[in-house]
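As a plain string of letters, each chain reads:
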Amino acid sequence: MEEIGRDDLDRSGEQYNPGPATTPRQAASVILLRGAGDGLEVLLVKRNPAARFMGGAWVFPGGAVDADEEGGDAPHRAAAVRELGEEAAVHGVDPLALVPFSRWITPAQVKIRFDTHFFLAAAPDGVEPRPDGGETVGAEWWEPSAALAAFARGSLELVFPTVKTLEQLSGFESADALLAWADGREVVAIEPQVVRQGEVARVVLPGEPGYRD
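About the criteria used
- Residues numbered from 1 in each chain as written.
- Predicted model: local features only at pLDDT ≥ 70, side-chain atom pairs only at ≥ 80, totals over all residues.
- Heavy atoms only, no water.
- Helix = DSSP H or I, 4+ residues; strand = E, 2+ residues; numbered from the N terminus.
- Expected span 1.5 Å × (residues − 1).
- Buried < 20%, exposed > 50% of the residue type's maximum accessible area, 1.4 Å probe, protein only.
- Contact = heavy atoms within 4.5 Å.
- Lys, Arg positive; Asp, Glu negative; His and termini not counted.
- Salt bridge = Lys/Arg side-chain N within 4 Å of Asp/Glu carboxyl O.

**Remarks on helix α2 (residues 74–88)**
For α2, spanning 15 residues, the distance from its first C-alpha to its last is 21 Å, which sits close to the expected 21 Å at 1.5 Å a residue. Counting buried residues along α2, eleven of its 15 residues qualify, which places the element largely inside the surrounding structure. Pro75, His76, Arg77, Ala79, Ala80, Val81, Glu83, Leu84, Gly85, Glu87 and Ala88 are the residues of α2 that are buried. Against β2 (25–34), β3 (41–47), β5 (62–64), β6 (99–105), β7 (114–122) and β8 (136–142) lie the buried residues of α2. Ala89 occupies a position one or two residues after α2 and carries a positive phi of about 55°.

Right under this line is the structure:
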């Protein structure tokens, strides 16, 4: 169970919603990997601090699925690759080569909601990520454990799904090992819940105490 202050919800754009749940918008994100058989680093981009939603947070490149993108799982793959190019200037990733990794649905108790499909992808050779200067103002490679340590020190701003994803990624010694583990794996959607206790909101994951089925 994670404890977060209500100020953190407001800052990230995840305002508490006491009313009927809104329908999550479909979205996709790429966990870009480098390191192959020797080490593991992932690409994080910094969202513009002026952004209403998750301003200043370091996240995996991603965004909403366009209404005119094709059906099946193609829209998520297309959106993931498109956003990787727009937010980090990384091109040359084949949508069909993306490996499904996880799926996070924003809690029903939050106003702005997304149903986000996360994909793994090996970084093309020689790629040099760059922020677009609008949506994103930074782009850096991080070892998952180093990013978590920076977050713990307060020097790197991360949001809940990014933290949980980095925790999972930190258990792999190389990009190759991670991709081999994820290949063919069934992805089960994760939908946390927000439980309010006075002025504190707790994010509860499935299987944890306080989670209501």
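**What about the side chain of Arg47?**
Structurally, Arg47 is set in strand β3. Glu135 is the oppositely charged side chain nearest to the buried, salt-bridge-free Arg47, at an N-O distance of 4.2 Å. If we skip the residues at most four places from it in the chain, Arg47 touches Phe53, Met54, Gly55, Gly56, Ala57, Val59, Glu135, Thr136 and Val137.

Function cannot be inferred from these measures alone, as they are strictly geometric.
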